Amino acid sequence: MRVESLADVLFAGFDVRLTRVTEDAEVLVVEAVACGPPPRCPGCNSQASRVRSSYERGLAGLPVNGRRLTVRLQVRRFFCDRGRCPRRTFVEQVAQLSERYRRSSLGLKQWQHAVAVELGGRPGQRLCRRLRLKAGRTRLLGLLTEPAVPERAPRVLGVDDFAFRKGKRYGTLLVDVESGRVVDVLSDHECDTFAARLTAHPGAEIICRDRAIAYSRAIKEAAPDALEVADRWHLLQNLGAAVEKTCHQHRSCLRKHAEEETSLPSPPASPWNGVPASSRAA
């Protein structure tokens with residue numbers, strides 16, 4: 001593929017000039033130069049006018065035809081001539097391609113973020129390895145950010161605990177029952193932590209919880225007007241436990257009744273068995 005054609009594919013709409021392409025069976029290496037207008041200082045937003053130096057930075061890009069892509073991008077470092085600005089120099093960034101302290105392109109970052117959201121750390125790492133994406137589990141998990149927490153709790157709030165490490169450490173999961181959306185995750189399942197959360201985010205009218213005493217105490221302390229209800233899973237569990245307990249208590253009666261049914265004589269055979277209905281009418 002000609003350099004001009006590859007530039008149209010990789011850097012369409014970017015202020016980048018592709019200069020050289022090197023390829024082998026595993027990796028495609030492209031060398032490029034940033035050629036956009038002088039940027040503004042990120043510290044004071046003043047327009048740069050003087051170039052201090054230039055250097056090459058490496059960026060991992062989206063795979064091309066099953067091969068990993070490495071971009072060796074030549075960028076410029078500018079002076080900031082504004083005397084009151086604490087930043088003396090700064091490096092230009094190519095819009096939609098690079099950002100500070102990042103060794104991957106923004107396109108690759110978006111792919112990694114999507115994998116992290118769907119699969120998490122280790123499973124996402126295995127998928128990235130198959131897709132020729134450069135990403136470890138720590139990198140994937142670092143792309144995840146906490147969602148914004150609304151100031152008020154949902155009208156119907158679901159509360160349940162989960163295990164960070166089974167038998168060792170548990171947390172609390174808060175869910176908007178009406179929308180099915182996770183609202184927040186608490187670091188433990190203690191009464192004080194949940195009560196503080198209810199105090200800071202009021203508004204829950206109905207709280208659907210499990211049978212933990214700590215949650216009941218927190219609701220009575222921080223949201224006494226809320227209606228407490230049991231969730232469906234625990235209702236079914238309670239029903240099953242009650243049926244099992246009743247059957248266990250009356251197992252002798254049930255066994256006797258079952259034996260009586262099996263010992264009853266079978267009803268006598270009807271003389272019309274095996275005779276067609278037309279013959280009976282005749």
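About the cut-offs
- Residues numbered from 1 in each chain as written.
- Predicted model: local features only at pLDDT ≥ 70, side-chain atom pairs only at ≥ 80, totals over all residues.
- Heavy atoms only, no water.
- Patch = residues over 30% accessible without salt bridge, like charges linked within 9 Å, V, L, I, M, F, W, Y side chains within 5 Å.
- Areas by Shrake-Rupley, 256 points an atom, 1.4 Å probe, with all protein chains shown as cover.
- Salt bridge = Lys/Arg side-chain N within 4 Å of Asp/Glu carboxyl O.
- Lys, Arg positive; Asp, Glu negative; His and termini not counted.
- Charge placed at Lys NZ, Arg CZ, Asp CG, Glu CD.
- Helix = DSSP H or I, 4+ residues; strand = E, 2+ residues; numbered from the N terminus.
- Phe/Tyr/Trp six-rings, centres within 6.5 Å; stacked < 30°, edge-to-face > 60°.
- Buried < 20%, exposed > 50% of the residue type's maximum accessible area, 1.4 Å probe, protein only.
- Lys NZ or Arg CZ within 6 Å of the ring centre and 35° of its normal.
- Core = buried A, V, L, I, M, F, W, Y, C linked by side-chain atoms within 4.5 Å.
- Contact = heavy atoms within 4.5 Å.
- Polar contact = N/O pair within 3.5 Å; in protein donor to acceptor, adjacent residues only side chain to side chain.
- Pairing = 2+ DSSP bridges.
- Axes fitted to C-alpha atoms, helices over the stretch in contact; angles between N-to-C directions.
- Disulfide = S-S within 2.5 Å.

### Overview of a positive patch on the surface
Together, R122, R126, R129 and R137 line one region of the surface with positive charge. The element that contributes the greatest number of residues to the positive patch is helix α3 (residues 122-130), accounting for three residues.

### Quick notes on the packing of aromatic side chains
Summed over the entire model, instances satisfying the criterion amount to three aromatic pairs. Considering the side-chain rings of F194 and Y215, the 5.5 Å spacing of their centres and the 75° angle between planes classify their relative orientation as edge-to-face. Within this pair, whereas F194 is found in helix α5 (residues 191-200), its partner Y215 is found in helix α6 (residues 213-222), the two being separated by 21 residues in sequence. The two residues F194 and Y215 agree in class, both being buried. Stacked on the ring of F79, the Lys or Arg R50 has its end atom at 4.4 Å from the ring centre. Above the ring of F164, the side-chain terminus of R169 is found at 4.2 Å from the ring centroid.

### Thoughts on the nonpolar core
By size, the foremost hydrophobic cluster in this structure holds 18 residues, and its most contacted members are F11, V16, L18, V30, V71, L73 and L97. Broken down by secondary-structure element, the contributors of at least two residues to this core are α1 (3-10), β1 (16-23), β2 (27-34) and β4 (67-79). Look past the residues within four positions of L97 in its chain and what remains in contact with it is F11, F14, V16, L59, L73, S104, S105 and L106. With 17 residues, the next largest nonpolar core counts A153, L157, F194 and A218 among its residues.

### Some words on the environment of R211
With respect to the element layout, R211 can be found in the loop between β9 (206-209) and α6. Setting aside chain neighbours within four positions, we find R211 in contact with H234, Q237 and N238. Side-chain polar atoms of R211 contact the side chain of Q237, separated by 2.6 Å.

### Description of the sheet that holds strand β6 (residues 156-165)
Here five strands make up an open sheet; going across it, the order is β8-β7-β6-β9-β10 and the pairing mixed. The sheet terminates laterally at β8 (181-186) and β10 (227-230), the two strands that pair on one side only. The sheet shows a mean angle of 30° between the axes of neighbouring strands, direction not considered. Two elements, β9 and β10, share four bridges in a ladder whose sense is parallel. Of the residues in β10, the one forming a bridge with R209 is A230.

### Some remarks on the pairing of β1
Pairing geometry for β1 and β2, over seven bridges, is antiparallel. For R17, the partnering residue across the bridge sits in β2 and is V33. Hairpin remark: β1 followed by β2, antiparallel, with three residues in the connecting loop.

### Things to note about the state of the cysteines
For the structure on display, the rule yields zero disulfides. Of the cysteine sulfurs around C80, a residue in no disulfide, the closest is that of C44, at 3.6 Å. In this structure C80 comes out as buried when scored by relative accessible area, which is 4%. With no disulfide of its own, C85 lies 3.7 Å from the sulfur of C44, the closest cysteine sulfur. Overall, the relative accessible area of 5% leaves C85 in the buried class.

### Re the environment of S179
Of note, S179 is situated in the loop between β7 (169-176) and β8. For the pair S179 and P154, spaced 25 residues apart in sequence, the C-alpha separation works out to 9.3 Å. Among the polar contacts listed, one links the side chain of S179 to the side chain of D176, at a separation of 3.2 Å.

### Side note on the environment of V75
Mapped onto the elements of the fold, V75 is located in strand β4. Assessed through its relative accessible area of 0%, V75 is described here as buried. Remark: the alpha-carbon pair of V75 and V243, spanning 168 residues in sequence, is separated by 73 Å. Those residues in contact with V75 that lie beyond four places of it in its chain are A34, S53, S54, Y55, R57, V91 and E92.

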